[in-house]
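Examination of the molecular architecture
Listed here are the chains, written in short residue letters.
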Amino acid sequence: MQTLLWLVPLPPLIAFALISLFARGKRGLSHWVALVSAGLSFLGSMTLFAWAVGRQDLLENPLAASTNWLPTGGSWLRVGVLLDPLAALTLFFVAWTVLMIFIYSVGYHNYGQPVGAHDLPGLPPHGAELKGAHGKVPSVEPLYARFFAFISLFAFAMFALVVSDNLLVLYVAWEIMGLCSYLLIGFWYARPSARDAAVKAFLTTRVGDMFMLLGMAALYSLTGTLNFREILSNPVVLDTLATTLSPVFGLSWAALIGLLIFAGTIGKSAQFPLHTWLPDAMEGPTPVSAMIHAATMVSAGVFLAARFFPLISAGWEAGQPLTTPMLVMAVVGSFTALFAALIALGQRDIKRVLAYSTISQLGYMVAALGIGAYGAAVFHLFTHAFFKALLFLGSGSVIHGMEHGQLATGDAADPQDMFSMGGLRKKMPVTFLTFLAGALALSGFPLLTAGFWSKDEILSSAFHGNHLIIFIVLALSALVTAFYSMRQVTLTFLGSPRTPSAEHTHESKVVMTVPLVVLAVFAIAAGWFGVPGSFLGLGAFLPNFIGNFLGGTHEAEAGAFNATPLLVSVGVSLTGLFLGWLVHRKQSSPSIDPLKRGLGFVYTALERKFWVDEAYDLVFIRPAKFLAETVTSVWIDRGLLDGILHGIGNFGNWFGRTLRRVIDIPVANGVPDGAAAGARWSGLKLRLTQSGHVQQYLVTSLMLVVLAGLVLLLVLNG
Amino acid sequence: MIPLSWYLLVAAALFCIGLFGVLARKNTIAILMGLELMLNAVNINLLAFWSYLHHAQMNGLVFAAIVFAAAAAETAVGLGLIISAYRRRGSVTANDLDTMKG
Amino acid sequence: MDFWTDPYLFLVNWLHGLLVGWGLPDAIASFILMFAGAFVLAMGAMLFVLGLIWFERKLVGRFQDRFGPNRVGPWGIIQPLADMLKIFTKEHITPAGVDPLPYNLGPVLAVAAVLAIWAVLPFTISLVGADLDVSVLYVVAIGGLGEIAVVLSGWGSNNKYALLAAFRSVAQLLSYEVPLVIALLVPVMLSGSLSLNQIVREQGVWYIVLAPVAAFIFFIASIAEVGRSPFDLTEAESELVAGFNIEYSGLKFGMFYVADFLHAFTISLLFAVLFLGGWRGPYAEQYPLLGLVYFMLKAGAVYFINIWMRASFPRFRIDQMMGISWKLLTPLAIGAVILTAVIDKLLPGGELLPYGDYVRVGVMLGANLVLVVIAGALMALQKRKHMLQEFPIAASKGFTVRDVSVNRGTK
Amino acid sequence: MSAAQVLFILVSTVTLFSAVMVVSVRRMMHAALWLIVSLLGVAVLFVLLQAGFFAMVQVLIYIGAISILIIFAVMLTRQVMSEKIPQLNRGWVAGLVAAGGLMIILAFVFRDFPGSLATTMGDPSAGDVVTLGKALADPNGFAIPFELASILLVAALIGTIYIAMERKGGEQ
């Protein structure tokens, strides 16, 4: 088993090497290599998972092995593998989703189709002319082999991250993933938007990573190890960390390190201040979106937080006040959940809705971890991976169908705009049913779907833990989630086609629909393994497998069953779904959103938001371009006001005006003048030192070193 | 016998001479030569410490070997850059190479 | 120990005793002896060149259907001596505008670099100048000095032809150092030592039998290192007048001349040490002087082949010369090293099998043959591909590269 | 004063003197030659430190490879750097001060370092090539750093070729 655990991440890496070295331009070969490697990893993961399930004492005695890696003076940095319940569970869903996405990618990139005459590497294929055929047919992706090479590397990083037994290897895998996401988001690099999105994703996550690296360094210098088991399963170490004070703000070291590592999660899992890269990441091909949003990257962030849960919650017992990092996580997570869900309301792009929905769901998980509901968070991570992968792949299938229709008719409609779709359920029945399953799971359709169980568990944990505000926020976002899910389904699949493209779609190929069906099964059934034991009568039939497997030690699990969270959870889900259907059921125009019609003057205010964007660009870009990109994007989320108006009229109205009052007027008008002047002045002064003469820099820095050294000498000797 | 401090002083002097070369020479190739001197000084130190204080461990030797590899790589890349810059700019003076744009 | 079993050690001990008897401290006596030894070795090597020059000229003459030197002395044997005297008395012309430091350092370094190699060659079991435990590395390292000498003289001469020739020469030397050093690894690996003397001691079976491919690579690369025909591009008269040493005259030119011959023979000595068992032979361990004879005979044989090639082959074109190193010798050498390492690990010889050593030798030889066949097949494939690409029509009519390459030279 | 000490002083004087020449002579070619002398001196110091292998590697890599490269670069770029103009930049005094300051600091650090009074070297056989080789190839030793160094070299090789390659078809 140990050997197997070592081997699990390797096939995709080998596949990456093989494809990039030998299979360039050989399409069939490249995807076979990638598929076989994913399959091998899949088999290994399943074997390990089955083995892990059979072990009773896995939590106490996880499967672990390590070997020396880098000598660091007297000690070694070690590289190792670890299979504990968390890793086993993560491995399970990662392996499934990765394999499904790989299979799906073959169809998505039009394998077997002719090569388009005008296709260029770095651009999506434009379709090919076929003799005797009407219109165009989809053409194969020009950089087909490259795609499989990158995505294999990505899969390798994820597997390595899951099975690694120390923070250093995890960090390495983490960064490889960062690189891969850059490469894959910018896969169609000839599109400026894709390039920008790639850079943005890379840089934004880098901010979080920087903090994480700091946390890692602090951890290493304090404990002398980065091994998870030596830190996290060692009460002595945890206790010491929790009780010694760090030099920062009176936080304990455990809290400081917890916060720093959580910053890594914020970056990778796109939580509130650093979430902006994720919607833009939709520039990549859809399988990439599924990969990033379901199987790998964002899961990695939550996985890390779950991994470090013992540290984050060090010194905390159920029922007691939350520790600082937990509080931060709960607040950030629940805020992100609501915030992103509201934004998702206003999106027209089918993938963007899902992107914001991902951010929102990740917020759920982070909030769950924050309130100490470790099991619920991991459970939601587990179910979310399946239904979000399903939704992305389903939307990819829809887009693919739309593109097909577009090629056939020459229509100019945006193939990703939900408003130009409609009535697709008859054209694409399989996609429709599976997508519906995913959407219901996402909105937590009671009893049947996986999303319900995991979401319900989070809500009930919040309720039982007496975190009422968080409970309300999460319930509200569940309502909004259900609303936009239904809106999406209604707009896309119900009603009648609104554009010629939509009329000419047809069902995707089998390689694309089979993964959908498989994932749909999980999206429905994955939740049945986590039904809480106390749940009405159902708990008796279906043992809470996941809860037991993860070990309930960390949970704030209340003994008695309480109907309030359940009713709330059922209520918001059904209400949201119904509202979503109600508002959009008669959509007939491909451009106008019905909710916007009654809101004329607010709509003008919306238009003026673009002026805000430019103002922000002006204000922030000069002092620090990077800061500007992040911050601006927070507010450029152009659908922000839309979304709120869409959903709940009054609330939206109020929120819009507040936003305007708080941000537009003081910041956009007041700050820019001062900031711009200040930036220019300091820039002028500082420019003198930026001569570009390397030696001058060197002399300056060295002079400082020498000065510091002399001072030290004097202090030491005198 | 020779005390360790002699080696350390010679290495430090060599290092500082190299450093001066790096800081003060105009020609990038000369800067590179200064760098070589500095690396050599480092290697003297490594081997001296190994020889006098940590003779049983291989760390010093291995480190020196890796410094050799790094030095070789550094020279090759550095000279490649210099030649490339010379081709584009017609200059090998460090202060002429002060823009970020190729 | 008496004079006849090992005259060298006998002499050393006797002299040492004598010096100590005069009241000198032990350390200084040893130092004087070492100095004297180095002096004798260097002088011997330089004088040996005289014989070498005669030998080579005579031989080349025979190859070219002439007599070679035959006027001065019996069979012309005094000819080199006369040449030497002439060169000594010639005027030193220093051209205007030379950079004096490199210009004067060049020839000295050229001879020194070759002579320094002699310091570590095991002439007999006991007659080794300095029995370094890393002498193989030393030989390679000192080889680098020769390249510097070439560069210095090319640069210092203030002559475009000399500079170009120096560039070309160093490019050649650097290129061929790669396969040379990799091929050197094979005997090092087989003997498990970096000491030349140890390598000789380990050669119960000559390594040319165990590793013919490495020997072949080493031989070719060493000819190129010496810069002799067919690799004498550095002094291609038609292109570069006379190579990097064009501006030298008199004794300075003589030093290059000596360095050239000495280098050629030194590299033959090295080949004999590495692949032909050095001083090994019947009774060589009892009577070390016999070992010296064996050694010289072996080296002489290699040198003979060297001259034979020089007289037989035309000069390579520069791209061909580079191609041979990078596209043939280097990959082949890497292959040989990997092969040797694997077999050496799998079949350490001796105990494993009843005829372990024979099996080992057989397998090594077989594996080397396989390597040659593979390399040949790859080359043939490459040629075919090249032919199809460049001359599709001729290729379709069954012509080979050889048929068309005649015309390629003028292109 | 023992013979070893005399030798040490002699060699280090030559090394340091030629190092000074490296950073001060105007002709690049001469600087490169002085560099070779200085590096040879360092090699001799290595021998005195019982690291004969490294002395050989020093000669092989620095003199056989690196200085040749440097000389090549000097030759290729010789037109631009006229030997008539000063070879030090305007801030050279600052550089001198910085380097000198560093030297002073280092001297003080060595004075206070207790190990610097050690006069005995370890057993010469401990650092022989075989031990070093085994340490480098041992998975529990330095196999991975060693492999990393080789990767570094390959990367440098490829990178250099790419950088220095003449672009076909003109520059952008």
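Going along each chain's sequence as written, the residues are numbered from 1 onward. Numbering of ligands from 1 and lettering of chains from A proceed in the order in which they are written. Confidence filtering applies because this is a predicted model: local features only for residues at pLDDT of at least 70, side-chain atom pairs given and counted only at 80 or more, and all residues used for totals across whole chains, interfaces and linings. Water and hydrogen atoms were dropped before computing side-chain values, which therefore reflect all heavy atoms in the structure.

1. Comments concerning the overall build of chain C
Worth spelling out the cut-off: Elements are defined by DSSP. Helices are runs of H or I of four residues or more, strands are runs of E of two residues or more, and each kind is numbered from the N terminus. Summary of the burial criterion: residues with accessible area below 20% of their type's maximum are buried, those above 50% are exposed, and those between are partly exposed, where the area comes from a 1.4 Å probe applied to protein chains only. Only the protein chains shown count as cover for residues, and the accessible areas themselves come from Shrake-Rupley with a 1.4 Å probe.
The secondary structure content of chain C amounts to 16 helices and 0 strands. Considering chain C as a whole, with its 411 residues, one finds that 46% of them fall into the buried category. Accessible area for chain C stands at about 20,400 Å²; split by element, carbon and sulfur atoms hold 70% of it.

2. Things to note about the nonpolar core
One broad trend across soluble globular proteins is that nonpolar side chains are buried collectively. Note the following rule: Only buried residues count toward a nonpolar core. Its members are Ala, Val, Leu, Ile, Met, Phe, Trp, Tyr and Cys residues joined through side-chain atoms within 4.5 Å.
Within the largest apolar cluster, 202 residues are counted, with the highest numbers of intra-cluster contacts made by Leu167 and Phe308 of chain A. Counting 195 residues, the second-largest nonpolar core is a separate cluster that includes Ala272 and Leu276 of chain C together with Ala19 and Val59 of chain D.

3. Some remarks on the environment of Thr13 of chain D
Residues and elements named next belong to chain D. Counted only if it meets this: We define a polar contact as two N or O atoms separated by no more than 3.5 Å, with the added condition that, inside protein, one atom must be a possible hydrogen donor and the other a possible acceptor, whereas residues neighbouring each other in sequence contribute only through side-chain atom pairs.
Relative to the assigned elements, Thr13 resides in helix 1 (residues 3–24). For Thr13, a relative accessible area of 47% puts it in the partly exposed group. When the C-alpha positions of Thr13 and Ser38 are compared, they lie 9.7 Å apart, and in sequence the two are 25 residues distant. Only 2.4 Å separates the side chain of Thr13 from the backbone oxygen of Ile9, close enough to count as a polar contact.

4. Description of the packing of aromatic side chains
Stated precisely, the cut-off is as follows: Stacked, tilted and edge-to-face pairs are distinguished by plane angle, under 30 degrees for stacked and over 60 for edge-to-face with tilted covering the rest, among Phe, Tyr and Trp rings (Trp via its six-membered ring) whose centres lie within 6.5 Å. Our definition puts a charge over a ring when NZ of Lys or CZ of Arg is within 6 Å of the ring centre and also within 35 degrees of the ring normal.
As enumerated under the stated definition, the model contains 41 aromatic pairs over all chains in all. Considering the side-chain rings of Tyr104 of chain A and Tyr108 of chain A, the 6.1 Å spacing of their centres and the 20° angle between planes classify their relative orientation as stacked. Of this pair, Tyr104 of chain A and Tyr108 of chain A both sit in helix 4 (residues 85–108), separated by 4 residues, roughly a single helical turn. Judged by relative accessible area, which is 0%, Tyr104 of chain A ranks as buried. Tyr108 of chain A gets classed as buried once you look at its relative accessible area, which sits at 8%. Look at Phe435 of chain A and Phe493 of chain A: their rings are 5.3 Å apart centre to centre, the planes differ by 50°, and that puts the pair in the tilted class. Of this pair, Phe435 of chain A sits in helix 19 (residues 429–443) while Phe493 of chain A is found in helix 21 (residues 468–493), placing the two residues 58 residues apart along the sequence. Ring pairing ties together the aromatic residues Phe42, Phe49, Phe92, Phe93, Trp96, Phe382 and Phe386 of chain A, which thus form one cluster. It is Arg206 of chain A that lies over the ring of Phe202 of chain A; its NZ or CZ is 4.1 Å from the centre. The cationic tip of Arg228 of chain C hangs over the ring face of Phe261 of chain C; the distance from NZ or CZ to the ring centre is 5.2 Å.

5. Re the interface of chain D and chain A
Here is the rule: Contacts are residue-level and defined by heavy atoms, with any inter-residue pair within 4.5 Å sufficient. Throughout, buried area stands for the accessible area (probe radius 1.4 Å) lost by two parts on being put together, summed over both. Note on residue classes: Ala, Val, Leu, Ile, Met, Phe, Trp, Tyr, Cys and Pro are nonpolar, Asp, Glu, Lys and Arg are charged, and everything else, Gly too, is polar.
Contacts between chain D and chain A engage 18 residues on the former and 14 residues on the latter. It is Ala98, Ile105 and Ile144 of chain D that lose the most area in chain D upon contact with chain A, and together they represent 33% of the buried surface on that side. For the pair chain D and chain A, the interface holds 0 residue pairs in polar contact (both at pLDDT 80 or more). Of all the secondary structure elements, the ones that give two or more residues to the side of chain D that touches chain A are helix 4 (92–112) and helix 6 (143–164) of chain D. Residues belonging to the side of chain D that touches chain A are distributed by class as follows: 11 nonpolar, 5 polar and 2 charged.

6. Some points on the interface of chain D and chain B
The criterion, for reference: Here, a salt bridge means any side-chain nitrogen of Lys or Arg that lies within 4 Å of a carboxyl oxygen of Asp or Glu.
Chain D puts 84 residues into the contact, and the matching count from chain B is 71 residues. Buried area between chain D and chain B, both sides added, is near 7,000 Å², and the carbon and sulfur share of it is 78%. Taken together, chain D and chain B are joined by 0 salt bridges. Counting every contact that joins chain D to chain B gives 5 residue pairs in polar contact (both at pLDDT 80 or more). Elements with a minimum of two residues in the side of chain D that touches chain B: helix 1, helix 2 (28–48), helix 3 (52–76), helix 4, helix 5 (129–137) and helix 6 of chain D. By residue number, the principal contributor to the side of chain D that touches chain B is helix 1 of chain D, which donates 12 residues.

7. Comments concerning the pattern of salt bridges
Residue and element names in this part refer to chain A. Counting across every chain of the model gives 8 salt bridges over all chains. A salt bridge links Glu175 to Arg206; the nearest nitrogen and oxygen atoms lie 2.7 Å apart. Of this pair, Glu175 sits in helix 6 (residues 167–185) while Arg206 is found in helix 7 (residues 192–223), placing the two residues 31 residues apart along the sequence. Bridged by salt links that share partners, the residues Glu175, Arg206 and Asp209 form one connected network.

8. Considerations on helix 15 (residues 324–345) of chain A
For an α-helix, 3.6 residues make a turn, and residues three or four places apart therefore share a direction. Short version of the rule: What a helix should span is 1.5 Å times the count of its residues minus one.
Between its first and last C-alpha atoms helix 15 of chain A spans 32 Å; for 22 residues at 1.5 Å apiece the expected length is 32 Å, and the two agree. Counting buried positions along helix 15 of chain A gives 17 out of 22 residues, so the element sits mostly inside the fold.

9. Quick look at unusual backbone geometry
Most peptide bonds are trans, and most residues other than glycine sit at a negative phi. The residue Asp65 of chain C is not glycine, and still its phi comes out positive at about 65°. Relative to the helices and strands, Asp65 of chain C is located in the loop between helix 2 (26–63) and helix 3 (79–89). Using a relative accessible area of 73% as the deciding quantity, one classes Asp65 of chain C as exposed. Despite not being glycine, Gln50 of chain D has its phi angle at roughly 65°, a positive value.

10. Regarding helix 20 (residues 450–464) of chain A
Residues and elements named next belong to chain A. Given a rise of 1.5 Å per residue, 15 residues ought to cover 21 Å, and the 21 Å separating the end C-alpha atoms of helix 20 matches this to within 8%. Extensive coverage of helix 20 is indicated by the burial of 14 of its 15 residues. Among the residues trailing helix 20, Asn466 stands out with phi positive, at a value near 65°.

11. A few points about the packing of helix 2 (residues 10–22) of chain A against helix 3 (residues 27–54) of chain A
Residue and element names in this part refer to chain A. The condition that has to hold: All axes are obtained by fitting lines to C-alpha atoms, using only the stretch in contact for helices, and the reported angles, taken between N-to-C directions, cover 0 to 180 degrees. When an angle is under 35 degrees it counts as roughly parallel; over 145 it counts as roughly antiparallel; between 65 and 115 it counts as roughly perpendicular; any other value is oblique.
Contact geometry of helix 2 with helix 3 gives a least axis separation of 8 Å together with a crossing angle of 170°. Taken together, the axis directions place helix 2 and helix 3 in an arrangement best described as roughly antiparallel. In this structure, helix 2 uses Pro11, Pro12, Ala15, Leu18 and Ile19 to contact helix 3, whose residues at the interface are Ser30, Val33, Ala34, Ser37, Leu40 and Ser41. For the contact of helix 2 with helix 3, the residue count by class is 8 nonpolar, 3 polar and no charged.

12. Here's the deal with the packing of helix 6 (residues 160–191) of chain C against helix 13 (residues 318–346) of chain C
Two quantities define a packed helix pair, namely the angle between the axes and the distance from one axis to the other. All names here are of chain C. The line we're drawing: Should the near helix be turned anticlockwise from the far one by less than a right angle, the crossing is left-handed, and should it be turned clockwise, the crossing is right-handed.
Interhelical geometry of helix 6 versus helix 13 gives an angle of 15° and a closest axis separation of 9 Å. As summarised for this structure, helix 6 and helix 13 are arranged roughly parallel, according to the angle between their axes. Classified by chirality, the crossing of helix 13 by helix 6 is left-handed. Here the residues of the contact of helix 6 with helix 13 sort into 21 nonpolar, 5 polar and 2 charged.

13. Observations concerning the side chain of Ser485 of chain A
Residue and element names in this part refer to chain A. Relative to the assigned elements, Ser485 resides in helix 21. A polar atom in the side chain of Ser485 sits 2.7 Å from the backbone oxygen of Thr481. With near-sequence residues (within four places) excluded, Ser485 lies in contact with Ala439, Leu442 and Ser443.

14. Details of the environment of Gly227 of chain C
Residue and element names in this part refer to chain C. The residue Gly227 is located in the loop between helix 9 (212–226) and helix 10 (237–240) in this model. We classify Gly227 as buried; its relative accessible area is 12%. Sequence spacing of Gly227 and Gln172 is 55 residues, and the spatial spacing of their C-alpha atoms is 8.4 Å. Residue contacts for Gly227: discarding those within four places in its chain leaves Gln172 and Asp232.

15. Observations concerning a nonpolar patch on the surface
All names here are of chain A. This is how it is decided: Exposure above 30% relative accessible area and no salt bridge define the residues that can form patches, which grow by joining like charges within 9 Å and nonpolar side chains of Val, Leu, Ile, Met, Phe, Trp and Tyr within 5 Å.
Judged by side-chain polarity, Leu7, Leu10, Ile14, Leu18, Leu21 and Phe22 come together as a nonpolar surface patch covering roughly 580 Å² of accessible area. For the nonpolar patch, the leading source of residues is helix 2, giving 5 residues. Here Leu21 is to be found in helix 2.

16. Focus: the confidence of the model for chain C
Residue and element names in this part refer to chain C. Stated formally: Confidence per residue, as judged by the predictor, is encoded in pLDDT with a range of 0 to 100.
This prediction gives chain C a mean pLDDT of 83; 93% of its residues lie at or above 70. Within chain C, helix 16 (residues 401–408) has the poorest average pLDDT of any element, 60, and helix 9 the best, 90. Per the prediction output, this complex has pTM 0.65; the corresponding ipTM is 0.71.

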